[in-house]
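These are the residues of each chain, in order.
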Amino acid sequence: MANLPNNGMSRRDFLRTTSMMLAGGLIAACTPSSAPAAGGGSSAAPAAEGGTIQYWFGWGGNYAGVAWDTLKETETLKGILGDVTLETKGSSGGEPLLTAVAAGTPPEGASNTQYLDYMARGVLVPVGDWVDSSDTVKQEAYLEGTWKDAFDREGVMYGVPANEGYLRYGLVYNAEMVGEAGLDPDTPPETWEECLAWHEAITKFDDAGNLIQVGMDPFDAMGGQLAIQDGFYPAVSWNFSWFDSDAGTFNVDNEMMVQAFNTMGEFYKIVGPDNMAGMRQVEGNGMWGGSYNNRVQAMMIDGYWRPGGTYISQPEVGENTRITWAPVPTDRKGVKVQGYGGHYVIFFKDAPNTEKMFQVSEFLNSNEACDIIFSNSGFLPGLLGYLSTVDENIYPGLKFYFDSQDTADEWSSPARCPMTDFSRTQWNELRESVYRDEMTAEAAATEFQSRLESEWEALGI
Amino acid sequence: MAALTQKRRGFTSAQWRDLRTGLFFISPWLLGFFLWTFYPLFSSLYYSFHRYDLLRPAVWVGLKNYVEIFTKDPTFWQVAYNTVYFVGFGIPLGVIGAFLMATLLNTEIKGRSVFRTIFFFPAIVPAIVTAMVWQYLLNVQYGAINAFLQGAGLPVIPFIANPGLAKPSLILIHMWAQGNAMVIFLATLQDVPRSLYEAATVDGANAWHKFRNITIPMCTPVILFNLVIGFIYGFQNFTLPWLLTGGGPNNATEFYSLFLYRNAFIFFRMGKASALAWILFIVIVLFTILLFRSSRRWVYYGGE
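Scoring rules and cut-offs
Residue positions are given per chain, counted from 1 along the sequence in the order it is written. The lettering of chains begins at A and the numbering of ligands begins at 1, in the order of writing. In keeping with the predicted nature of the model, local features appear solely for residues at pLDDT of at least 70, side-chain atom pairs appear and are counted solely at 80 or more, and the whole-chain, interface and lining totals rest on all residues. Water and hydrogen atoms play no part in the side-chain values, which are based on all heavy atoms of the structure. Between any two strands, pairing holds if DSSP finds at least two bridges. Secondary structure follows DSSP: runs of H or I at least 4 residues long count as helices, runs of E at least 2 residues long count as strands, and numbering of each begins at the N terminus. Confidence scores here are pLDDT values: one per residue, from the predictor, ranging 0 to 100. Contacts are assigned to residue pairs with any non-hydrogen atoms lying within 4.5 Å of each other. Think of a salt bridge as a Lys or Arg side-chain nitrogen and an Asp or Glu carboxyl oxygen that are within 4 Å of each other. Each domain's extent was defined by an automatic or database domain assignment. Contacts described as polar in this section are N or O atom pairs within 3.5 Å, which, within protein, must combine one atom able to donate a hydrogen with one able to accept it, while residues neighboring in sequence count only if both atoms come from side chains. When residues are sorted by character, Ala, Val, Leu, Ile, Met, Phe, Trp, Tyr, Cys and Pro go into the nonpolar class, Asp, Glu, Lys and Arg into the charged class, and all the rest, Gly among them, into the polar class.

1. Observations regarding the sheet that holds strand β13 (residues 321-324) of chain A
Here five strands make up an open sheet; going across it, the order is β6-β7-β12-β5-β13 (chain A) and the pairing mixed. In this open sheet, the two strands that pair with only one neighbour each are β6 (204-205) and β13 of chain A.

2. Section: the confidence of the model for chain A
Looking at chain A as a whole, the pLDDT averages 89, with 89% of positions reaching at least 70. Segment residues 26-48 of chain A: pLDDT under 50, and eight contacts once partners within four positions in sequence are set aside and those in other chains are kept.

3. Notes on the pattern of salt bridges
On inspection of all chains with the given rule, the structure shows 28 salt bridges over all chains. Among the ionic pairs, R121 of chain A bridges to D53 of chain B, the shortest N-O distance being 2.7 Å. A residue pair is termed interchain when its members come from two chains, as with R121 of chain A in the loop between α6 (115-119) and α7 (128-132) and D53 of chain B in the loop between β1 (50-51) and β2 (59-60). One salt-bridge network, in which partners are shared between bridges, spans E455 of chain A together with E68, D73, R269 and K272 of chain B.

4. Some details on the domain arrangement of chain B
All names here are of chain B. Domains assigned within chain B are domain 1 (12-60) and domain 2 (66-298). Here the C-alpha centre of domain 2 lies 33 Å away from the C-alpha centre of domain 1. With eleven residues of domain 1 in contact, the opposing surface of domain 2 contributes ten residues. Counting across the interface, domain 1 meets domain 2 through zero salt bridges. Viewed at the interface, domain 2 and domain 1 are joined by four residue pairs in polar contact (both at pLDDT 80 or more). A total of four residues in the side of domain 1 that touches domain 2 trace back to one element, the largest contributor, which is helix α2 (residues 13-47). Among the residues making up the side of domain 1 that touches domain 2, the classes are represented as seven nonpolar, three polar and one charged.

Structure, rendered in structure tokens:
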């Protein structure tokens, strides 16, 4: 075997040199890149100088898109931000936010998320001092309930009301579909029983028994919610308090809850649970109010945003939208229920520039910002000053909510329960067990109570 | 004798240098392993004995999470049933389907490579696309299958809207996407010695005899492999049910991984989720051991 020519480098030397080069390369790759040179035309340049603040929210659609594109173009917001870049992230689910907070890299602000769950875990900045020195965020500027919602159950203020915060409940119906079913749109139902009669009259099947049109899904939109910002409609309609925030106790194992399980479940039994589930699985119908907008569903319980939301996306449906008082049990016929609720901006302790985010939240409370948000998404804030400037007749049905402000008999606010998604999941599961006849309403109410208490204990809040 | 002395003393300096160099070269992987696998693995064991929500310091609760899972959480048993159902029916059916498909595609038919491509194709389709395609096909109102039934004046089939049909529907989709297992089987089938079939023909065996006594035994090591991989996948089944049914209707497709994920990232129960993860780990390990133990009775290794 011929000797290899000696080129002055052994195998070991080669490996050593190569490894050193690789290590050097690795270190170089890990070194943060320097800021781009001024005038380099990079959009990252201002961010590198003034930093970036992030605002995450659960809404997508027009709010996340055109509304924020317009907001960012306003001179006011540009003036507030200066050389700071504002990054917004729409359709942000709870999981990315939780992991970002846990990792110590949360956004400066967030909305439409599990507000109270974060409040209860000490990761938010209390905003009392900022609010005290603010000219915009003042208690007297807001609806009573809107202001109250920004506090945790111990009375510490963690949120700045913004984006969306007007009234939550109304029975929304499509007058045209109602008329086609031979019903009188001018005498809408007041009770669940009357709603059920309309539901039966409007629901249509084809000759083979397949569902074509549904009268009312009582669990669509606000009817099915159990959320911090939206409340729990069975508790509003049957008039009971499901969570005592002072004592940290639950009250869902009661006769009213049993009635709610039975009464609301009856709507599904008429249509058939599989049919209703199938209707929801159709693209576009699964979204909040989607089947109403698609003219597949004629009635639902929803908030003030429905008139605008429907009119903007489906004008022909929006034109036929009418709204009346949300249904109550027969023994409470005539009681007009209405509710507060809404969203706010919360600020995370570990984020570096929360004070700037607070200024952005102040801007969101200006008439200029509210106008942009309302015209692009139909969202209204709980700001008395701005509400007085809104044309109540701009969308068919919107006036009902404005009128209800003075005519409602009973007002509710969402319970301050920092166990949001668990409670909602159990409510969803158990109501389905009832309308599928796998469990009695009485057993479901007892089980609901037991699960909530057990989870509450396990959370150690 | 010299070698023995060297062994007693341990490595020579040259061997130490080689070891260091070797370790240096694999250090990126080692670092990744310790940071992203080893540390999280044992952290989860630690957290499974704690009340931990990712945001507040962990509080020691002993076996409370485990006790809660087995005795207080009614959803857990439904989730366990769903998962066992999927693993018990879906995985063997998937393996059988893939094996039969591979057998068919191993025969001399026209356009064989086209068929092979078609049958493999579902395996490379991203889960999100799979979910959307099947959503359109199976939807109770506007799905292609039900549209056909409706057109014929027949009642629709609520594939993924009915609790009783949702799991079988997911198994059907699972069987559809068996391209990877099919390719592995195909390679194995092509490796079965022709001489065995020729000898069997001489002995008067028909096609069924050859399939039963030659093809299946020769493929048993790969059947075992696909079963093990399939069972592990089955226990961790997440993407498709999450996207297609979200665990519904009525929790019928709430599989173990969905339940675990929900507890960890939606209910703020990372401690309980860690306990769930360890229970799953133990179940998978036991199941795999059981499968390997049983393989002594039915797997044929030609080299033995």
